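Structure at a glance
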Amino acid sequence: MGDNRVVSVGLVGLGRLGRQHAENLAYRIPNCRLTAVCSIKAEEVEEAQAQLGVPYGYTDYEDMLRNKELDAIFIASPSSYHCDQIEKALAAGFHVFSEKPLGLYMEEALRVQEAVRSHPNQVFMLGFMRRYDRSYVYAKRKIEAGAIGEPVLIRCYGLDPAQAMPGFLQFAKSNYSGGLFLDMAIHDLDLARWYLGVEAERVWAIGGSHRYTELAQLQDAETGAALVQFAGNKMGVFVAGRNCAHGYHIETEIIGTLGTLRIGTVPEKNQVAIMDDRGVVRECAQGFLERFEQAYLDEAIEFVEAILEGRQPGVRVEDGVLSTALGYACKESYDTGRLVEVCAPAALSGSHDTR
């Protein structure tokens with residue numbers, strides 16, 4: 001970019017995704033310096049400082065916000081902390097990147113939106129990383145170029161690997177994740193808005209827990225499906241699950257008036273085919289960090305470049321609010337068994353990024 005300025009970043013949250021973000025910020029992003037890390041677990045802080053060469057480490061978030069060397073805060077903490085941490089970082093004058101969701105409740109999402117709008121000169125970005133995946137970006141460009149005519153239906157599969165279920169159950173029993181539709185399907189709900197270019201109007205959602213029945217006791221589903229009607233009679237079909245035997249399966253199909261696009265139909269790990277007594281085997285990706293490794297890097301690059309260029313990034317707070325509203329409608333429909341009208345704030349409808 002020809003810019004010698006450096007964005008100094010403090011990161012909070014050093015779990016699996018947080019650690020991946022920390023490595024990207026420390027080593028892989030031009031004009032960026034990972035200056036501080038924060039976690040409630042002191043051993044995670046010490047390890048990150050030692051291995052990544054981070055000058056400052058904190059176990060108290062508000063202590064990190066008092067560090068005058070920082071320009072931006074990168075939030076990768078558990079979902080229940082996001083709303084409060086975003087508000088405090090903005091109030092302290094920082095640019096902010098936050099992993100999804102904005103909060104675990106609609107009220108929190110609206111609070112964050114108000115906080116972001118109250119600080120228009122600070123960059124805010126939400127981590128809908130699929131918009132930065134190169135296959136999804138390519139599909140968006142093809143749609144905009146008219147390759148499939150007008151997009152009218154989107155079908156999304158978001159399936160987590162079965163091998164991750166024991167770890168998820170342990171997490172879910174001590175932390176409220178928001179449930180299947182808000183925690184997992186929200187990425188697909190956001191993609192639907194992005195590709196179709198309209199907002200959702202009504203939804204019917206169903207689901208159940210078949211192998212891991214204890215999820216039902218947590219008021220969650222192991223596998224769920226939602227049928228969504230969007231404005232202009234456009235349609236969305238969403239399947240989300242936590243018990244995928246073959247791996248991490250993220251698949252998207254967009255049907256238009258002149259053709260169809262598919263992304264990730266076979267969730268291949270790479271281009272290698274193994275031929276043995278099982279036949280021809282194409283191994284699958286086993287998790288989100290593996291499948292979207294490049295997208296997580298590209299979204300962080302976008303955040304840093306937006307700060308240096310004095311602009312807002314492609315994914316904005318309104319995207320988080322509207323996708324959360326749709327996710328909550330799915331959850332309400334699943335809980336009640338009824339068709340639910342999507343109650344998104346009317347002032348936000350039609351706010352679509354065309355990145």
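Just so we're clear, the structure is a prediction, and the values are computed from it rather than from any experiment.

A closer look at the pattern of salt bridges
Applying the stated criterion across every chain yields a total of 32 salt bridges. When the shortest N-O distance is used, the salt bridge between R242 and D220 registers 3.5 Å. Of the two residues, R242 is situated in strand β10 (residues 234-244) and D220 in the loop between α9 (214-217) and β9 (223-230); the sequence distance between them amounts to 22 residues. Each member of the pair R242 and D220 is classed as buried. Taking the shortest distance from any N to any O, the salt bridge between D335 and K331 comes out at 2.9 Å. Of this pair, D335 and K331 both sit in helix α12 (residues 317-336), separated by 4 residues, roughly a single helical turn. Residues joined in a network through salt bridges with shared partners are R131, D190, R193, E199 and D319.

What about helix α8 (residues 179-196)?
Note on helix geometry: an α-helix contains 3.6 residues per turn, so any two residues three or four positions apart are oriented the same way. Between its first and last C-alpha, α8 extends 25 Å over 18 residues, near the 26 Å set by a 1.5 Å rise per residue. Of all the bends in α8, the largest measures some 65 degrees and sits at A185. Extensive coverage of α8 is indicated by the burial of 18 of its 18 residues. Phi for G197, located one or two positions after α8, is positive at around 75 degrees.

Some points on the sheet that holds β10
Overall, mixed pairing links the 7 strands, which are arranged β12-β11-β7-β10-β9-β8-β15 in an open sheet. Every interior strand has two partners, whereas the edge strands, β12 (260-263) and β15 (340-341), have only one. Across 8 bridges, strand β7 (residues 151-161) lies against strand β11 (residues 249-256) in antiparallel orientation. Looking at the pairing, L153 lines up with I255 of β11.

Quick notes on the packing of aromatic side chains
Geometrically, a pair of aromatic rings is defined through the distance of the ring centres and the angle of the planes. What the rule picks out here adds up to 7 aromatic pairs. Measuring from ring centre to ring centre gives 6.0 Å for F74 and F303, while their planes differ by 75 degrees; the resulting arrangement is edge-to-face. In this pair, F74 is assigned in strand β4 (residues 72-75) and F303 in helix α11 (residues 293-309), connecting sequence segments 229 residues apart. Both residues of the pair, F74 and F303, count as buried. Relative to F292, the ring of Y248 lies with its centre 6.4 Å away and its plane at 85 degrees, an arrangement referred to as edge-to-face. Of this pair, Y248 sits in the loop between β10 and β11 while F292 sits in the loop between α10 (288-291) and α11, and the two are 44 residues apart along the sequence. You'll find Y248 and F292 in the same group, each marked buried. Taken together, F74, F97 and F303 form an aromatic cluster joined through their ring pairs. Over the aromatic face of Y157 sits the side chain of R155, whose NZ or CZ is 4.7 Å from the ring centroid. We note R291 situated over the ring of F292; from NZ or CZ to the ring centre the distance is 4.3 Å.

Comments concerning the environment of W204
Assignment of secondary structure puts W204 in strand β8 (residues 200-208). Between the C-alpha atom of W204 and that of E62, which follows or precedes it by 142 residues, the distance is 42 Å. Not counting chain neighbours up to four residues away, the residues in contact with W204 comprise A225, A226, L227, S333, G337, R338 and L339.

Some details on the domain arrangement of the chain
Taken domain by domain, the chain holds domain 1 (7-127 + 295-313) and domain 2 (131-292 + 321-341). The C-alpha centroid of domain 2 is placed 26 Å from the C-alpha centroid of domain 1. The partner domain 2 presents 16 residues to the 18 residues of domain 1 that form the contact. Summing both partners gives a buried area of about 1,700 Å² for domain 1 against domain 2, and 63% of it is carried by carbon and sulfur. It is K100, L104 and M106 in domain 1 that bury the most area against domain 2; as a group they hold 31% of the surface buried on that side. Put simply, domain 1 and domain 2 have 2 salt bridges between them. The salt bridge involving D298 is made with R134; its shortest N-O contact spans 3.0 Å. Looking at the side of domain 1 that touches domain 2, the elements with two or more residues in it are α1 (16-27), α5 (106-117), β6 (124-127) and α11.

Conventions used here
- Residues numbered from 1 in each chain as written.
- Predicted model: local features only at pLDDT ≥ 70, side-chain atom pairs only at ≥ 80, totals over all residues.
- Heavy atoms only, no water.
- Salt bridge = Lys/Arg side-chain N within 4 Å of Asp/Glu carboxyl O.
- Helix = DSSP H or I, 4+ residues; strand = E, 2+ residues; numbered from the N terminus.
- Buried < 20%, exposed > 50% of the residue type's maximum accessible area, 1.4 Å probe, protein only.
- Expected span 1.5 Å × (residues − 1).
- Bend = angle between axes of the 7 residues up to and from the residue.
- Pairing = 2+ DSSP bridges.
- Phe/Tyr/Trp six-rings, centres within 6.5 Å; stacked < 30°, edge-to-face > 60°.
- Lys NZ or Arg CZ within 6 Å of the ring centre and 35° of its normal.
- Contact = heavy atoms within 4.5 Å.
- Domains from an automatic or database assignment.
- Buried area = accessible area lost by both parts, 1.4 Å probe.

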